[in-house]
Amino acid sequence: MRKLLVATKNEGKAKEIKQLIGGYFNDVVTLKDFDININIIEDGSTFEDNALKKAKTIYTLYRQPTLADDSGLEVDALGGKPGVMSARYAGEKATDEDRIKKLLDELKDVPEDKRGAQFICVLVFIDQQGRIYQTKGICRGKIALEPKGKNGFGYDPIFIPDGFDKTFAELDSQIKNQISHRSKAFENLKKILGEIYNEGTCD
Ligand SMILES: O=c1nc[nH]c2c1ncn2[C@H]1C[C@H](O)[C@@H](COP(=O)(O)OP(=O)(O)OP(=O)(O)O)O1
Ligand SMILES: [Mg+2]
């Protein structure tokens, strides 16, 4: 029996993590699943700092294999903003719609060919013994002129990945999971898990 704690409260993210993690754990539980009400202040200046803080906080409490994901959207025309502030871009109580609205507003005078952006995902995994591993994935694309689609979460309705003419929210979750920043970070994490667990998936 191998269990993974996922240090996230974001249900959209948790769903993707469960789809992407592969067969290395029989049980994958998030902070919502085991109902711990902990508020981890994400005050780092990088995705790496914040992912590390989330993973360490949960590992220190439970001493079990723990995974954290810190991610966000960097918009070229805004010098990389909202970046690490993506979740709090329109204030603490704001919704995904509020954040999308604010971003589109700031880009209202930016023409289509200057709307380049990238999603970043940093994963930090801490194994049973407390060893720390980190991987990163980037997905390039551009910001749509208006929100479209119902799939996914967060900024998905306004992000058009390179090579497609639809937003992540219009594309199938299967396609998103083949090309996203998160899936790229997981490709590398799974190589590490393969080494830690000797290629053996658990059964
Ligand atoms: O694939 C994605 N598709 C759309 N939006 C995304 C994606 N990946 C990250 N994002 C956005 C959501 C949130 O506004 C911010 C992440 O912030 P981040 O602190 O990592 O996550 P969070 O606060 O929502 O949950 P938690 O910290 O509990 O894991 O970037
Ligand atoms: Mg967060």
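In the annotation of an unreviewed UniProt entry, the protein chain is listed under the name dITP/XTP pyrophosphatase and assigned to Caldicellulosiruptor diazotrophicus. Comment text from UniProt for the protein chain, heading Sequence similarities (unreviewed entry), reads "Belongs to the HAM1 NTPase family." The annotation that UniProt attaches to the protein chain under Subunit (unreviewed entry) is "Homodimer."

(A) Representation of the sheet that holds strand S1 (residues 3-6). Taken in spatial order, the six strands of this open sheet run S2-S1-S3-S4-S5-S6, and their pairing is mixed. Each having just a single partner strand, strand S2 (27-30) and strand S6 (159-161) make up the two edges of the open sheet. The mean inter-strand angle of the sheet, taken between neighbouring strand axes irrespective of direction, is 35°. Relative to S2, S1 runs parallel, the two being bridged by four bridges. Among the inter-strand pairings, Lys-3 is bridged to a residue of S2, identified as Asp-27.

(B) Structural context of unusual backbone geometry. With an omega dihedral of 0°, the bond running from Lys-81 to Pro-82 counts as a cis peptide bond. Tracing the chain through its elements places Pro-82 in the loop between strand S3 (66-75) and helix H3 (96-106). Although it is not a glycine, Arg-63 sits at a positive phi angle of roughly 55°.

(C) Structural view of the site of ligand 1. In the vicinity of ligand 1 lie 21 residues, with Thr-8, Asn-10, Ser-71, Ala-87 and Gly-154 positioned nearest. Broken down by element, the residue count for the shell around ligand 1 peaks at five residues, all from S3.

(D) Expanded view of the confidence of the model for the protein chain. Here the protein chain averages 95 in pLDDT, while 98% of its residues score no lower than 70. Here S2 stands out as the least confident element of the protein chain, with mean pLDDT 94; strand S4 (residues 116-126) is the most confident, with 99. In the model output, the complex is listed with pTM 0.96 alongside ipTM 0.99.

(E) Representation of H3 in the model. All of the buried residues along H3 are Arg-99, Ile-100 and Leu-103. The arc enclosing the buried residues of H3, seen along the axis, measures out at 100°, which places them on a common side. For H3, exposure combined with an orientation more than 90 degrees from the buried face picks out Glu-97 and Asp-105. Here the buried face of H3 lies against strand S5 (132-143).

(F) Inspection of the UniProt feature "binding site: Mg(2+)" (unreviewed entry) in the protein chain at higher detail. Residues annotated in UniProt with the feature "binding site: Mg(2+)" (unreviewed entry) correspond here to Asp-70. Among the structural elements, Asp-70 can be located in strand S3. Once residues within four sequence positions are removed from consideration, Asp-70 is found in contact with Phe-47, Asn-50, Ala-51, Lys-54 and Val-122.

(G) Examining helix H2 (residues 47-62) more closely. Taking 1.5 Å of rise per residue, 16 residues should cover 22 Å, and H2 covers 23 Å from first to last C-alpha, within 8% of that figure. Every buried residue belonging to H2 is among Phe-47, Asn-50, Ala-51, Lys-54, Ala-55, Ile-58 and Tyr-59, and all of these are buried. Down the axis of H2, the buried set is contained in an arc of 155°. They therefore lie on one face. Those residues of H2 that are buried lie in contact with S1, S3 and S4.

(H) Main features of the pairing of S4. Counting buried positions along S4 yields nine of 11 residues, so the element is predominantly enclosed. Pairing of S3 with S4 involves 10 bridges; the strand directions are antiparallel. Bridge pairing in S4 links Glu-74 to Gln-118. Pairing of S4 with S5, which is carried by 11 bridges, proceeds in the antiparallel orientation. By the bridge assignment for S5, Ile-120 is matched with Ile-138. The turn joining S4 and S5, which pair antiparallel and follow one another in sequence, is formed by five residues; a positive phi near 95° is taken by Gly-130.

Rules of the game
Residues numbered from 1 in each chain as written. Chains lettered and ligands numbered in written order. Predicted model: local features only at pLDDT ≥ 70, side-chain atom pairs only at ≥ 80, totals over all residues. UniProt positions renumbered as here; feature names shortened; annotations may be inferred. Pairing = 2+ DSSP bridges. Helix = DSSP H or I, 4+ residues; strand = E, 2+ residues; numbered from the N terminus. Axes fitted to C-alpha atoms, helices over the stretch in contact; angles between N-to-C directions. Near = placed C-beta within 6 Å. pLDDT = per-residue confidence, 0-100. Buried ≥ 20, exposed ≤ 12 C-beta atoms within 10 Å, placed from the backbone. Arc of directions from axis to C-beta. Contact = placed C-beta atoms within 7 Å. Expected span 1.5 Å × (residues − 1).

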